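Examination of the molecular architecture
Here's the letter readout for the chains.
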Amino acid sequence: MTDRAPGPRRRDRRGRGMRGPGVLPRTPGRPETRTRRERFDDLVLAVVTEVDAQWADRLGTVEYAVEDTPDLPDDWDPTEVPLGSAVRGTGGEPSRVVVFRRPIERRAESRSELDVLVLTVVVEQVADLLNVEPQVIDPRYESD
């Protein structure tokens, strides 16, 4: 016979407590907490919304995107990894600004550094499209 207490059986191997998600999802199959990618997308969206609202009349139509990593050619110099890119629109095609998530996350050591780095990348790309200095786009821009 065992000295087990009556009630539902719980598995607590090695005394680490309950295992599994701490919060049950409202929608089955979808985690309740945001993923790292979703949080990064939200950060980029906040910066883009702010910059685009201020410069929309000069920018025209611009598509903004977040990609995990840049496509690099075979003769790529491994000492430089792009954090973003800007392509001017031609004809009926809109301009496009792309922010690369993984290289930016690798460079940022904290959430505040990530915020500053995303702002810096977006401001630099928009400044490139408008042919102005980044400080004109946003006074918070840091060139370091």
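You'll find the structure just up there.
Residues numbered from 1 in each chain as written. Predicted model: local features only at pLDDT ≥ 70, side-chain atom pairs only at ≥ 80, totals over all residues. Heavy atoms only, no water.

Another aspect to go through is the overall build of the protein chain. Across its full length, the protein chain holds 4 helices and 3 strands. Ordered by position in the sequence, the α and β elements of the protein chain form the string α-β-β-β-α-α-α. By residue count, 28% of the 144 residues in the protein chain fall in the buried class. In the protein chain, the proportion of contacts linking residues at least 24 apart, taken out of those at least 6 apart, comes to 58%. A total accessible area of about 10,900 Å² is found for the protein chain, and carbon and sulfur atoms account for 48% of it. (Helix = DSSP H or I, 4+ residues; strand = E, 2+ residues; numbered from the N terminus. Buried < 20%, exposed > 50% of the residue type's maximum accessible area, 1.4 Å probe, protein only. Contact = heavy atoms within 4.5 Å. Areas by Shrake-Rupley, 256 points an atom, 1.4 Å probe, with all protein chains shown as cover.)

Moving on: the nonpolar core. Counting residues in each nonpolar core, the largest one holds 27 residues, and the members touching the most others are Ile104, Val118 and Ile137. Here the element with the most residues in this core is helix α3 (residues 111-130); it accounts for 11 residues. Setting aside residues no more than four positions away along its own chain, isoleucine 137 makes contact with Val51, Gln54, Trp55, Val123, Val126, Ala127, Leu130 and Val132. (Core = buried A, V, L, I, M, F, W, Y, C linked by side-chain atoms within 4.5 Å.)

A cluster of basic residues, Arg36, Arg39, Arg102 and Arg106, forms a positive patch at the surface. Among the elements of the structure, α1 (36-59) and α2 (101-107) are those that each provide at least two residues to the positive patch. Judged by its relative accessible area of 73%, arginine 106 is exposed. (Patch = residues over 30% accessible without salt bridge, like charges linked within 9 Å, V, L, I, M, F, W, Y side chains within 5 Å. Salt bridge = Lys/Arg side-chain N within 4 Å of Asp/Glu carboxyl O. Lys, Arg positive; Asp, Glu negative; His and termini not counted. Charge placed at Lys NZ, Arg CZ, Asp CG, Glu CD.)

Attention shifts here to the side chain of arginine 101. Looking at the secondary structure, you find arginine 101 in helix α2. If near-sequence neighbours (up to four positions away) are discounted, arginine 101 is found in contact with Arg36, Arg37, Phe40, Val66, Glu67 and Asp68.

This paragraph deals with the packing of α1 against α3. Closest axis-to-axis distance for the α1/α3 pair is 10 Å, and the angle between their directions is 30°. Relative to α3, the element α1 lies roughly parallel. For the pair α1 and α3, the sense of crossing is right-handed. In this structure, α1 uses Arg39, Phe40, Leu43, Val44, Val47, Val48, Val51, Trp55, Arg58 and Leu59 to contact α3, whose residues at the interface are Arg111, Leu114, Asp115, Val118, Leu119, Val122, Val123, Val126, Leu129 and Leu130. Taken together, the residues of the contact of α1 with α3 break down into 16 nonpolar, no polar and 4 charged. (Axes fitted to C-alpha atoms, helices over the stretch in contact; angles between N-to-C directions. Parallel < 35°, antiparallel > 145°, perpendicular 65-115°, else oblique. Left-handed = near helix turned anticlockwise from the far one by under 90°. Nonpolar A, V, L, I, M, F, W, Y, C, P; charged D, E, K, R; others polar.)

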